[in-house]
Amino acid sequence: MARIIGCVTTSHVPAIGAAIAKGRQEEPYWKEWFDGFKPVHRWLDRVRPDVAVVVYNDHGLNFFLDKLPTFAIGAAAQYQTADEGWNIPTVLPFTGDPELSWHVINSVVADDFDVTMCQEMVVDHAVCNPMQLLWPGGEPWPVRVVPVEINTVQFPLPSAARCYEFGQAIGRAIASYPSDARVVVIGTGGLSHQLDGERAGFINKDFDRKFMTSLIADPSWATRYTTVELVEQTGSQGIELILWLTARAVLGTGPVHELAATYHVPISNTAAGMMLLEPAA
Ligand code: DHB
Ligand code: FE
């Protein structure tokens, strides 16, 4: 059966993509952030995943406010990206894994998660920036991609508790896939940030730290909060942390090791974080 070899969670701030495009990784403002990924690169070199299941939120490139699914899974052979207006060069398309996508879709629908299935899908900075952080200069991409998209943009949003269960269902789906594929789960977005309104620039280090710690040994901790409480604690875009939660839940409830983590405030308006977790067994 396919094996889930680990989970990487990272912020996806567009400024990161711009810094990569301009080669600013060694500049004082950026160095600590990019250096934080060196242990992830060494880990990826060692474990060599075949597939990345990427849990992210679309910001208006593929879905817009007129039609917005709560949960969507890509089942395409290829995912293009496009210029979103951030002035970042586009990366090469990602190769999909339609067979694994359909297996996951069938499995989660059987588990009562009625996802939107997307045989055509474009992916935005929430996929591209994390892929560039994990595999710098990695194009053509060394892994196939299964995009899992969750609405964090237009209310009502799925609750943290629902996302946690969705992640567990994806974990069961992967674990029942008859293949020797090695799967890394990537959760993107967060941590605390608010881009607009009266609280623009809001950051909550204390809550971010508690959330990161919880993901190691108490992964369902955040499910005690309602969506509104999480927005209060983390900002209206900080709610993207439900994507980290979903990705972490894919690993299941067994023990995990934290192999790397970084927390960097701020990048743009965002408290940027990264974690690498590996199942203990
Ligand atoms: C920023 C953060 C995001 O998560 C995003 O999707 C876009 C912009 C920012 O902090 O600039
Ligand atoms: Fe975002």
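Located above this text is the structure these notes cover.
The sections below set out a description of the structure shown in this document.

Below, the discussion takes up the overall build of the chain. Check the secondary structure of the chain and you find 9 helices and 10 strands. Computed over C-alpha atoms, the radius of gyration of the chain comes to 17 Å, within 12% of the 19 Å expected from 2.2 N^0.38 for 281 residues, which places it in the range of a compact globule. For the chain, the spread of C-alpha atoms along the three principal axes comes to 45 × 40 × 40 Å. Buried residues in the chain amount to 56% of all 281 residues. In the chain, the share of contacts with a sequence separation of at least 24, taken over all contacts with a separation of at least 6, comes to 81%.

So, about the coordination of the iron ion (ligand 2). For the iron ion (ligand 2), every protein donor is listed as His-12 (NE2), His-59 (NE2) and Glu-240 (OE), and the spread of their distances is 2.1 to 2.2 Å. Along the chain, the residues donating to the iron ion (ligand 2) are arranged with the sequence spacing H-x46-H-x180-E. Here His-59, found in the loop between strand 2 (51-56) and strand 3 (71-74), pairs with Glu-240, found in the loop between helix 8 (227-234) and helix 9 (241-250); they are 181 residues apart in sequence, far enough to count as distant. Looking at His-59, the relative accessible area reads 31%, which means it is partly exposed. Of the residues examined, Glu-240 reaches a relative accessible area of 2% and is grouped as buried.

A side chain with one charge may pair with a side chain of the opposite charge, provided their charged atoms come close. Inspection of the entire model under this criterion finds 9 salt bridges. In this structure, the salt-bridge partner of Glu-26 is Lys-31, at a minimum N-O distance of 3.2 Å. You can call Lys-31 partly exposed: its relative accessible area is 30%. A salt bridge links Arg-144 to Asp-97, with the nearest nitrogen and oxygen atoms 2.9 Å apart. Here Arg-144 is found in strand 7 (residues 144-150), whereas its partner Asp-97 is found in the loop between strand 5 (94-95) and helix 4 (98-110), with 47 residues between them in sequence. Here Asp-97 falls in the buried class, since its relative accessible area comes to 8%. A network of salt bridges, in which partner residues are shared, links Glu-26, Lys-31, Asp-35 and Lys-38.

Read from one edge of the open sheet, 8 strands run 6-3-7-2-8-1-10-9, paired in mixed fashion. Every interior strand has two partners, whereas the edge strands, strand 6 (116-118) and strand 9 (256-267), have only one. Each adjacent strand pair in this sheet contributes to an overall mean axis angle of 15 degrees, direction not counted. Alignment of strand 1 (residues 3-10) against strand 8 (residues 182-188), held across 7 bridges, turns out to be parallel. Counterpart to Cys-7 in the pairing with strand 8 is Val-185. Its contacts with the sheet put helix 9 on strand 1, strand 2, strand 7, strand 8, strand 9 and strand 10 (270-279), and the angle it makes with strand 8 is roughly 160 degrees.

Time to look at the layout of surface pockets. By rolling a water-sized probe across the atoms, one finds the places where empty space is left. When its volume is computed, the largest pocket comes out at roughly 490 Å³. Taken together, 28 residues form the lining of the largest pocket, with His-59, His-125, Leu-195, Gln-237 and Glu-240 sitting closest to its centre. The class makeup of the residues in the lining of the largest pocket is 13 nonpolar, 12 polar and 3 charged. Along the wall of the second largest pocket there are 16 residues; nearest its centre are Arg-3, Ile-4, Leu-251, Pro-279 and Ala-281. Secondary-structure elements contributing two or more residues to the lining of the second largest pocket are strand 1, helix 6 (160-175) and strand 10. With 3 residues, the top contributor of residues to the lining of the second largest pocket is strand 1. A class-by-class count of the residues in the lining of the second largest pocket yields 11 nonpolar, 2 polar and 3 charged.

The rules behind each value
Residues numbered from 1 in each chain as written. Chains lettered and ligands numbered in written order. Predicted model: local features only at pLDDT ≥ 70, side-chain atom pairs only at ≥ 80, totals over all residues. Heavy atoms only, no water. Helix = DSSP H or I, 4+ residues; strand = E, 2+ residues; numbered from the N terminus. Rg over C-alpha atoms; globule rule 2.2 N^0.38 Å. Buried < 20%, exposed > 50% of the residue type's maximum accessible area, 1.4 Å probe, protein only. Contact = heavy atoms within 4.5 Å. Donors = N, O, S within 2.8 Å, 3.2 Å for Na, K, Ca; no water. Salt bridge = Lys/Arg side-chain N within 4 Å of Asp/Glu carboxyl O. Pairing = 2+ DSSP bridges. Axes fitted to C-alpha atoms, helices over the stretch in contact; angles between N-to-C directions. 1 Å grid on protein atoms, 1.4 Å probe; cavity = no way out; pocket = protein on both sides within 12 Å on 5 of 7 lines; lining within 4 Å. Points joined across faces, edges and corners; volume = space filled by probe spheres on them. Nonpolar A, V, L, I, M, F, W, Y, C, P; charged D, E, K, R; others polar.

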